[in-house]
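Spelled out, the chains give:
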Amino acid sequence: GARLVALQKGRFFLAGGAAHLDTGAVVAALEYAAGVEALVVGKPSPAFASLALRSLPVAPDPARTWVVGDDATSDVAMGVAAGLRTVQVRTGKFAHTTGDEAAARPEHLIDSIADLPALLRGVDR
């Protein structure tokens, strides 16, 4: 009757320039073995984004709140599920996840985080 709680369900992480299996595989194995679904309290849970927004002194407008990341399966998926604006950066994990048809689609794609200020200046907020 215990609850299975997972901090996140990432597929992989990068270290030393190489992809390494992340906790998502372990969580999936535990879910299968126990016959339960894990409560995910980190990315890609929209509750995680909601908690972050509620922690601010003034609640921001979701339509003016951006999630920026390199992973469509966690960063972008969380932003989309939470109703936030999304930007995926074509660096880091991006090169390892392209072509994943099941991944969430970001509102915008940029080549570098350095491109973010120009994107934000050019987008209706």
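Calculation notes
Every chain begins its residue count from 1, and numbering advances along the sequence as written. The predicted origin of the model limits local features to residues at a pLDDT of at least 70 and limits the giving and counting of side-chain atom pairs to 80 or more, whereas totals for whole chains, interfaces and linings rest on all residues. Side-chain measures were taken over the full set of non-hydrogen atoms in the model, leaving aside hydrogen atoms and water. At least two DSSP bridges between two strands are needed for those strands to be called paired. The numbering of helices and of strands both runs from the N terminus, where a helix is a DSSP run of H or I of at least 4 residues and a strand a run of E of at least 2. Handedness of a crossover: with both strands directed away from the viewer, a clockwise path from the first strand across the helix to the second marks it as right-handed. Here the term buried applies to any residue with accessible area under 20% of the maximum for its type, exposed to any over 50%, and partly exposed to those in between, with areas from a 1.4 Å probe on protein chains only. Any two residues whose heavy atoms approach within 4.5 Å at even a single point are treated as in contact. Here, a salt bridge means any side-chain nitrogen of Lys or Arg that lies within 4 Å of a carboxyl oxygen of Asp or Glu. Here an angle of 0 to 180 degrees is reported between the N-to-C directions of two axes, which are lines fitted to C-alpha atoms, with helices fitted over the stretch in contact. By the criterion applied in these results, polar contacts are pairs of N or O atoms within 3.5 Å in which, for protein atoms, one can donate a hydrogen and the other can accept it, and in which residues neighboring in sequence qualify only through two side-chain atoms.

### Observations regarding the pairing of strand β5 (residues 66-69)
Here is step 1 of the chain: Alignment of β5 against strand β6 (residues 85-89), held across 4 bridges, turns out to be parallel. Directly across from tryptophan 66, in β6, lies its bridge partner arginine 85.
Here is step 2 of the chain: Assessed by its sense of winding, the connection that carries the chain from β5 through helix α3 (residues 72-81) to β6 is right-handed.

### Observations regarding α3
Here is step 1 of the chain: The element α3 is largely enclosed, with a buried count of 7 among its 10 residues.
Here is step 2 of the chain: Within the span of α3, buried status applies to Ala72, Ser74, Asp75, Val76, Ala77, Met78 and Gly79.
Here is step 3 of the chain: Buried residues belonging to α3 abut α2 (46-54), β5 and β6.

### Digging into the pattern of salt bridges
Here is step 1 of the chain: Evaluated as defined, the whole model comprises 4 salt bridges.
Here is step 2 of the chain: Of the charged contacts in the structure, one is a salt bridge between arginine 85 and glutamate 107, with a shortest N-O distance of 2.7 Å. Separated by 22 residues along the polypeptide, arginine 85 in strand β6 and glutamate 107 in the loop between α4 (94-97) and β7 (108-110) bring together distant segments of the chain.
Here is step 3 of the chain: Take glutamate 107: its relative accessible area is 40%, and that puts it in the partly exposed class.

### Considerations on the pairing of strand β2 (residues 12-15)
Here is step 1 of the chain: Note that β2 and strand β3 (residues 18-21) share 4 bridges and pair antiparallel. In the sheet register, alanine 15 faces β3, and the bridge partner there is alanine 18.
Here is step 2 of the chain: Where β2 folds back on β3, the antiparallel hairpin that results is connected by 2 residues, among which glycine 16 adopts a positive phi of roughly 60 degrees.

### Examining the sheet that holds β5
Here is step 1 of the chain: With parallel pairing, the 3 strands of this open sheet are ordered in space as β5-β6-β7. The two strands at the open ends of the sheet, each matched to only one other strand, are β5 and β7. Between one strand axis and the next, the sheet turns by 20 degrees as a mean value, whatever way the strands run.
Here is step 2 of the chain: Running over the sheet, α3 touches β5 and β6 and is turned about 165 degrees from β6.

### Looking at the environment of valine 5
Here is step 1 of the chain: With respect to the secondary-structure elements, valine 5 resides in strand β1 (residues 5-6).
Here is step 2 of the chain: A relative accessible area of 47% places valine 5 in the partly exposed class.
Here is step 3 of the chain: Along the chain, valine 5 and valine 40 lie 35 residues apart, while their C-alpha atoms are 6.0 Å from each other.
Here is step 4 of the chain: Leave out the neighbours within four places in its chain, and valine 5 touches Leu39 and Val41.

### Looking at the side chain of serine 74
Here is step 1 of the chain: Relative to the helices and strands, serine 74 resides in helix α3.
Here is step 2 of the chain: Judged by its relative accessible area of 10%, serine 74 is buried.
Here is step 3 of the chain: A polar atom in the side chain of serine 74 sits 3.3 Å from the side chain of aspartate 71.
Here is step 4 of the chain: Discounting chain neighbours no more than four positions away, the residues touching serine 74 are Lys43 and Pro44.

### Considering the environment of valine 36
Here is step 1 of the chain: Structurally, the position occupied by valine 36 is in the loop between α1 (23-34) and β4 (39-40).
Here is step 2 of the chain: Each C-alpha atom, one on valine 36 and one on alanine 118, is 45 Å from the other, the two residues being 82 residues apart in sequence.
Here is step 3 of the chain: Setting aside residues up to four positions removed in sequence, valine 36 forms contacts with Leu4 and Glu31.

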